[in-house]
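Topology and contacts: notes
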Amino acid sequence: MEFVLYEQKGSVAVITISREKALNALNSNVLKELDSVLDGVNLEEVRCLILTGAGEKSFVAGADIGEMSSLTKAEGEAFGKIGNDVFRKLEMFPIPVIAAINGFALGGGCEIAMSCDIRICSDNAVFGQPEVGLGITPGFGGTQRLPRIVGVGMAKQMIYAGRNIKADEALRIGLVNAVYTLEELMPNAEKLAQTIAKNAPIAVRNCKEAINKGLDVDMDQAIIIEEKLFGNCFESYDQKEGMAAFLEKRKVEAFLNR
Ligand code: DAK
């Protein structure tokens, strides 16, 4: 891989978008590599992913404007599809994904962060959907995910005005869950990932599926989705061990992902 690095550390793996000289902007090669990296994640071993950007300045500064500038309508649609498919793969990935946002998260950068389950950032992070200033709409899900995360009014203001916001404002509106110094960002991302990874993997995966699928349907259907995924945990080794440990007043020995 030229632009996407993958490092597994036990049950946590870090994916780094590494195209530092273009502030990690997403071109079609980056998107294709990211797709392959996701396909290669060993789901038997890895229980939580962290997505970050290389360097100290940028998470992802958007889709690659140079590559997009000369696209025909058909090519633009094809580029949009590659991005949308990989962002959706990330969103529906069986295990949780934490975005550790280490700088600019603009356009496609903000959108890829919003496809992750949890967003935390460094205090130099900058968020925004500046597409209207480039003559386009957000194309990787920004018009859909931003209002779901920060509410319709705030999303409309950010998207129509194309105004960037800093980390403290992103925290205030709920776009990120926490802000750290740049030095503390990855250690905290890893700590959170380890905490998630220690919990029963089937239960964590089912929680993600229940939340994601439930948000797309009405409450009557959502409750049924939850019931099925709740039921699905039973008879697993991990459910038996988790409950036995409680009843025997001891710590869980280990969750085995089965
Ligand atoms: N694309 C390509 N190159 C980029 C880039 C980008 N998005 N952002 C930065 N770079 C490159 C710069 O061109 C520069 O390259 P050199 O000139 O050194 O070769 C290098 O990174 C360093 O950038 P700067 O010199 O500009 O660095 P500064 O610190 O001065 O400024 C900045 C940092 C992040 C404020 C600035 O670079 C900037 O404003 N970048 C553009 C941010 C932006 O507008 N991002 C949104 C892009 S639009 C769609 C699918 C998806 C999308 C749309 C449609 N379809 C459905 C087809 C998504 C669109 C977007 O993401």
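Below is a short write-up of the structure. (Residues numbered from 1 in each chain as written. Predicted model: local features only at pLDDT ≥ 70, side-chain atom pairs only at ≥ 80, totals over all residues. Heavy atoms only, no water.)

Regarding the overall build of the chain
Put simply, the test is: In this text, helices come from DSSP runs of H or I with a minimum length of four residues, and strands from runs of E with a minimum of two, each type numbered from the N-terminal end. The reference for a compact globule is 2.2 Å times residues^0.38; the radius of gyration itself is calculated from the C-alpha atoms. Here's how the labels work: a residue is buried when its accessible area is under 20% of the maximum for its type, exposed when over 50%, partly exposed in between, all with a 1.4 Å probe on protein chains only. In what follows, residue pairs with any heavy atoms lying within 4.5 Å of each other are defined as contacts. Using a 1.4 Å probe, the Shrake-Rupley method yields the accessible areas, and only the shown protein chains count as cover for residues. When charges are counted, Lys and Arg contribute as positive and Asp and Glu as negative, whereas His and the chain ends are disregarded. The atom standing in for a charge is NZ when the residue is Lys, CZ when it is Arg, CG when it is Asp and CD when it is Glu.
Helix and strand counts for the chain stand at eleven helices and ten strands. Rg of the C-alpha trace for the chain: 19 Å, near the compact-globule value of 18 Å for 258 residues, within the 12% margin. Residues counted as buried form 47% of the 258 residues belonging to the chain. For the chain, long-range pairs separated by at least 24 residues make up 70% of all intrachain contacts whose partners lie at least 6 apart in sequence. Carbon and sulfur atoms make up 56% of the accessible area of the chain, which amounts to about 13200 Å² in all. Of note, the chain has its 28 positive side-chain charges centred 2 Å away from the centre of its 35 negative side-chain charges.

Details of the site of the ligand
Operational definition: For each residue, the test is whether any non-hydrogen atom lies within 4 Å of the molecule or strand; if one does, the residue is near. Side-chain atoms alone can form a polar contact between residues adjacent in sequence; in general such a contact is a pair of N or O atoms within 3.5 Å, and within protein one must be able to donate a hydrogen while the other accepts it. We call Asp, Glu, Lys and Arg charged. Ala, Val, Leu, Ile, Met, Phe, Trp, Tyr, Cys and Pro are nonpolar, and the rest, Gly among them, are polar.
In the vicinity of the ligand there are 24 residues, among which K57, A61, A63, I65 and G108 approach most closely. In this structure, K21 approaches the ligand through a main-chain N or O atom, which is 3.4 Å from an oxygen atom. If you list the elements that add at least two residues to the shell around the ligand, you get α2 (65–69), α3 (73–91) and β6 (104–106). Residues of the shell around the ligand, tallied by class, amount to 13 nonpolar, seven polar and four charged.

Some remarks on the sheet that holds strand β9 (residues 165–166)
We apply this condition: When DSSP finds two or more bridges between a pair of strands, those strands are recorded as paired.
Pairing is mixed in the open sheet, where four strands are placed in the order β4-β6-β8-β9. Strands with a single pairing partner mark the edges of an open sheet, and in this sheet they are β4 (58–60) and β9. Inspection of the sheet shows strand β8 (residues 126–128) paired to β9 by two bridges, in the antiparallel sense. From the neighbouring strand, F127 faces β9, where its bridge partner is I165.

What to know about the pattern of salt bridges
To be explicit about the condition: Within this document, salt bridges are pairs made up of a side-chain nitrogen of Lys or Arg and a carboxyl oxygen of Asp or Glu, the two lying within 4 Å of each other.
Applying the stated criterion across every chain, the model contains 13 salt bridges. In this structure, the salt-bridge partner of E209 is K213, at a minimum N-O distance of 2.8 Å. Residue E209 and its partner K213 are located together in helix α9 (residues 201–215), separated by four residues, close to a single helical turn. Judged by relative accessible area, which is 32%, E209 ranks as partly exposed. Using a relative accessible area of 37% as the deciding quantity, one classes K213 as partly exposed. Because the salt bridges share partners, they merge into one network encompassing D35, D39 and K89.

Thoughts on a negative patch on the surface
Selection rule: Here the term patch refers to residues with relative accessible area over 30% and no salt bridge, with like charges joined within 9 Å and nonpolar side chains (Val, Leu, Ile, Met, Phe, Trp, Tyr) within 5 Å.
A contiguous patch of negative charge on the surface is contributed by E20, E56, D123, E183 and E184. As for its position among the elements, E56 is in the loop between β3 (48–53) and β4. Owing to a relative accessible area of 62%, E56 belongs among the exposed residues under this scheme.

A short note on the environment of K89
With respect to the helices and strands, K89 occurs in helix α3. Sequence separation between K89 and L38 is 51 residues, and the spatial gap between their C-alpha atoms is 8.1 Å. Not counting residues up to four positions away in its chain, the partners in contact with K89 are D35, L38 and D39.

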